[in-house]
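Each chain is listed here by its residues.
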Amino acid sequence: MNAGSHILRTIGLNKFFHDPVEFQALKNVNVSIEEGEFVSIVGASGSGKSTLLYTLSTLDTGYSGTILLDGEELGKMRPDDHARIRNEKIGFVFQFHYLLPEFTVLDNVALPALRLGKYSEEEIYSHAHEKLKLLGLDDQALKKSSKLSGGQQQRVAIARALINNPKIIFGDEPTGNLDSKNSETVFGIFKELKEKFNQTILIVTHDMGLASRTDRTITLKDGEVVSP
Amino acid sequence: MNSNKPLARIALTHLVAKKRQTIVATLGVMFGIAIFIFQAGLITGFQTTFIDKTINTTANIRIHNEADKNRKSIAGKLHDPRKDWVVVRNQKPREDDLKIRNGNEIVKIIERHPDVAGVSPFLASQVIFKMGIAQQAGFVSGVLIEKEDLLFGLSANMKEGNTTRLLTIPNGIILGAGLAEKLGAKMEDLLSIISPMGVTLEMKVVGINESGLTEVDKTRAFVNLRNAQKLLQVDGSYITDINIKLKNIDRAGELASEFEKRFGYKADDWKTANANIFGVFKLQNMVTSLVIASIMIVSGFGIFNILMMIIYEKMPDIAILKAVGFRNGDIKKIFLMESLIIGLFGGILGMGFGFIITHIVGSIPMNIKGFVSMKYLYFNQSPAFYVTAFLFALLVTGIAGYLPARKAAKIDPMDIIRSK
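Residues numbered from 1 in each chain as written. Chains lettered and ligands numbered in written order. Predicted model: local features only at pLDDT ≥ 70, side-chain atom pairs only at ≥ 80, totals over all residues.

1. Section: the overall build of chain A
And then number 1: Along the backbone of chain A there are 7 helices and 11 strands.
And then number 2: Computed over the C-alpha atoms, the radius of gyration of chain A is 17 Å, within 12% of the 17 Å expected from 2.2 N^0.38 for a compact globule of 228 residues.
And then number 3: With the C-alpha coordinates aligned to their principal axes, the bounding extent of chain A is approximately 50 × 40 × 35 Å.
And then number 4: A total of 228 residues make up chain A; the buried ones form 48% of that total.
And then number 5: Here the contacts in chain A between residues at least 6 apart in sequence split such that 70% fall between residues at least 24 apart. (Helix = DSSP H or I, 4+ residues; strand = E, 2+ residues; numbered from the N terminus. Rg over C-alpha atoms; globule rule 2.2 N^0.38 Å. Buried ≥ 20, exposed ≤ 12 C-beta atoms within 10 Å, placed from the backbone. Contact = placed C-beta atoms within 7 Å.)

This is the structure in structure tokens:
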């Protein structure tokens, strides 16, 4: 594979926080994620692992250095372009599910695709059904999202992350709020996505057991990568 | 981008989730609009009625001889006021004759003017009306009744009797309705009128007239011009006023100054004569606008309030929408839609409500006897009020929605996601 297979690459990434005190959150970070890789970022709390994830995913800005996502340089873009990138190329799974409580499961999954507007509404809803089926939630499609259990809600969030067939899924402690059984299910889904669909995934976790089961682990310490 | 539909759905969901507050905010706009329509209709309706009645009782142009009340003293004329002070105390007003010289000739000349519809010579005198022991101060208008009728449509306002009887009965008098009531005078009753010159005339009631202007009806009576001249002990050519009716009342101002120049007497048009009334109207309109504006501002605050509540409650929703690719502009649109939905519904309901209450109130018999007497309140149902009120509702809700919407658009999803 050539250099084009890098989905994500950083060159000399530095990030400072100025408030309340001057603090360097990321120090000369050079990482690259290849297509189909399932990578985890670990580190003690305050090591900068979440900051790195959000900086890579355009939600956090104000850094120096270069980030290339699917060949596009993020630093040179305006907020609307970042929104477009997140819509088209990125799927998010947070620790909390962030489903819209008044909407049905199906609507929640469909929302990013409705924003993208690439397909007709009919097609979008049929895609949303497919994604839910993939996650074993097909029968819950028409329920209000607030009626589901925590494990189910997190799986709906994954379905939502998948709806626009993203280049990469970012997960910030995606199993952090779940019990061990649900946590295992969700991790299993990530594994399956990577193996069956060659989905690129980058997650932040403090669970070393889970991290060891990913393809590669990036360890951060005080904002520096200590093991590439 | 065809993602306005999901935005609208999100907006509606928010409003439904805050059902009670949404209803209250919508009712706020509704009442604002209804009161707008009610107030504007009532005030302009009243003003229209008043102007109609006033035009009916005021000449389009009135020519009269104005007494020079600020006459300079003779000493004052002799000295330069820049150099000397001249003070003359107890200067008596000159006995100004208010007579219009050659009045009858001027009437004939004006009657031939192509823009003039009618001319009526006029002589008024203050009098005491006396009937038995009932006494009442007022004034009589000495007129040529058929000419006066042409100007002011007297015969249309006759409560009893008719104007032509003034021609056939030499000592006939037509009383104002309020005046007749005060004196207890009925048709064919005899009464006496006493002028400041001490002349007393015995008159017979041949008609009762109701112009609708309460003050006027309480004090005015019509007699033949000749009788008024007798009361004032003057000759048959003596008149003090010439009232003119025009074919087009909008030309009153320019024709008044034309007549003033031509005949050398003061000529007032009806707008100048009623300037104080128009001043009151202006004030009235200003107060009405202020009341309406404050109501709309209050409903604007209501909308602002509910949107801020929704935004604080829906921070996580806003964060995730942004995270999955909704733009700042999309978020702004959601909240603008919410406030415009309130404005739209409130506006439509308000127009309906305004229509209904103006029609209900307008059909209740009021029998008002104030400034003017009216049986019903008259509402001006101009579509312009409805359109203006509706646009105003959208404007106010748009502004009230814009500030929260901008705030929502500025929310940084990281602030919410980090803190969870």
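That shown, we press on.
2. Focus: the domain arrangement of chain B
And then number 1: Examined at the domain level, chain B breaks down into domain 1 (4-55 + 277-419) and domain 2 (61-269).
And then number 2: Between the C-alpha centres of domain 1 of chain B and domain 2 of chain B there is a distance of 52 Å. (Domains from an automatic or database assignment.)

3. As for the nonpolar core
And then number 1: Ranked by size, the top nonpolar core spans 116 residues in total, and within it Val-109, Ala-110, Ala-159 and Leu-202 of chain A together with Ile-33, Ile-37 and Ala-389 of chain B carry the most contacts.
And then number 2: Counting residues in hydrophobic clusters, the runner-up holds 50 residues, among them Leu-179, Leu-191, Ile-193 and Val-223 of chain B. (Core = buried A, V, L, I, M, F, W, Y, C linked by C-beta atoms within 7 Å.)

4. Regarding the interface of chain A and chain B
And then number 1: Counting residues at the interface gives 23 residues for chain A, matched by 20 residues for chain B.
And then number 2: Here the side of chain A that touches chain B gets 6 residues from one element, more than from any other, and that element is helix 2 (residues 79-89) of chain A.
And then number 3: Considered class by class, the residues forming the side of chain A that touches chain B number 13 nonpolar, 3 polar and 7 charged. (Nonpolar A, V, L, I, M, F, W, Y, C, P; charged D, E, K, R; others polar.)

5. A closer look at the confidence of the model for chain B
And then number 1: Here chain B averages 87 in pLDDT, while 95% of its residues score no lower than 70.
And then number 2: The ipTM value of the predicted complex is 0.93, and its pTM value is 0.74. (pLDDT = per-residue confidence, 0-100.)

6. What to know about the packing of helix 3 (residues 105-116) of chain A against helix 5 (residues 150-162) of chain A
Residues and elements named next belong to chain A.
And then number 1: Where helix 3 contacts helix 5, the two axes come as close as 7 Å, and the packing angle between them is 30°. On the basis of the axis angle, helix 3 is roughly parallel to helix 5. For helix 3 against helix 5, the interelement crossing comes out right-handed. Counting all contacts with helix 3, which are made through Val-105, Asn-108, Val-109 and Pro-112, the residues of helix 5 involved are Val-156, Ala-159 and Arg-160.
And then number 2: Tallied by class, residues from the contact of helix 3 with helix 5 come to 5 nonpolar, 1 polar and 1 charged. (Axes fitted to C-alpha atoms, helices over the stretch in contact; angles between N-to-C directions. Parallel < 35°, antiparallel > 145°, perpendicular 65-115°, else oblique. Left-handed = near helix turned anticlockwise from the far one by under 90°.)

7. A few points about the packing of helix 5 of chain A against helix 6 (residues 180-197) of chain A
Residues and elements named next belong to chain A.
And then number 1: Two numbers describe how helix 5 lies on helix 6: the axes approach to 10 Å, and their chain directions differ by 15°. With respect to helix 6, the element helix 5 is oriented roughly parallel. Like other packed secondary-structure pairs, helix 5 and helix 6 cross with a definite hand, here right-handed. Side by side, helix 5 and helix 6 meet where Gly-150, Gly-151, Gln-154, Arg-155 and Ile-158 of the first sit next to Asn-182, Thr-185, Val-186 and Ile-189 of the second.
And then number 2: The residue inventory of the contact of helix 5 with helix 6, partitioned by class, reads 3 nonpolar, 5 polar and 1 charged.

8. Describing the confidence of the model for chain A
And then number 1: Across chain A, pLDDT averages 92, with 98% of residues at or above 70.
And then number 2: Mean pLDDT across the elements of chain A ranges from a minimum in strand 11 (residues 224-227) of chain A, with 87, to a maximum in strand 9 (residues 200-204) of chain A, with 96.

9. Side note on unusual backbone geometry
All names here are of chain A.
And then number 1: Cis peptide bonds are those with omega within 30 degrees of zero, and the linkage from Asp-19 to Pro-20 qualifies with 0°.
And then number 2: Mapped onto the elements, Pro-20 comes out in the loop between strand 1 (6-17) and strand 2 (23-29).
And then number 3: In this structure, Asn-28 is a non-glycine residue whose phi angle is positive, near 40°.
And then number 4: With respect to the secondary-structure elements, Asn-28 resides in strand 2.
And then number 5: Positive phi values are uncommon outside glycine, yet Asp-222 reaches one of about 50°.
And then number 6: Relative to the helices and strands, Asp-222 resides in the loop between strand 10 (216-221) and strand 11.
And then number 7: On the basis of neighbour counts, which here come to 14 C-beta atoms within 10 Å, the residue Asp-222 falls in the partly exposed class.

10. Some thoughts on helix 3 of chain A
And then number 1: The buried count for helix 3 of chain A comes to 11 of 12 residues, which makes it a mostly enclosed element.
And then number 2: Backbone geometry just downstream of helix 3 of chain A places Gly-117 of chain A in the positive-phi region, at approximately 65°.

11. Examining the sheet that holds strand 8 (residues 168-172) of chain A
Residues and elements named next belong to chain A.
And then number 1: Taken in spatial order, the 6 strands of this open sheet run 7-8-9-4-10-11, and their pairing is mixed. The sheet terminates laterally at strand 7 (90-93) and strand 11, the two strands that pair on one side only. On average, each strand axis in the sheet is inclined to that of its neighbour by 25°, with strand direction left out of account.
And then number 2: Across 5 bridges, strand 4 (residues 38-43) lies against strand 10 in parallel orientation. In the strand pairing of strand 10, Ser-40 is matched with Thr-217. (Pairing = 2+ DSSP bridges.)

12. Overview of helix 4 (residues 103-111) of chain B
Residues and elements named next belong to chain B.
And then number 1: What helix 4 keeps buried is the set Gly-103, Ile-106, Val-107 and Ile-110. Around the axis of helix 4, the buried residues are gathered within 105° of arc, so they sit on the same side. Opposite the buried face of helix 4, by more than 90 degrees, sit the exposed residues Glu-105 and Lys-108.
And then number 2: On its buried face, helix 4 is in contact with strand 2 (116-131), strand 9 (241-246) and helix 10 (252-263). (Arc of directions from axis to C-beta.)

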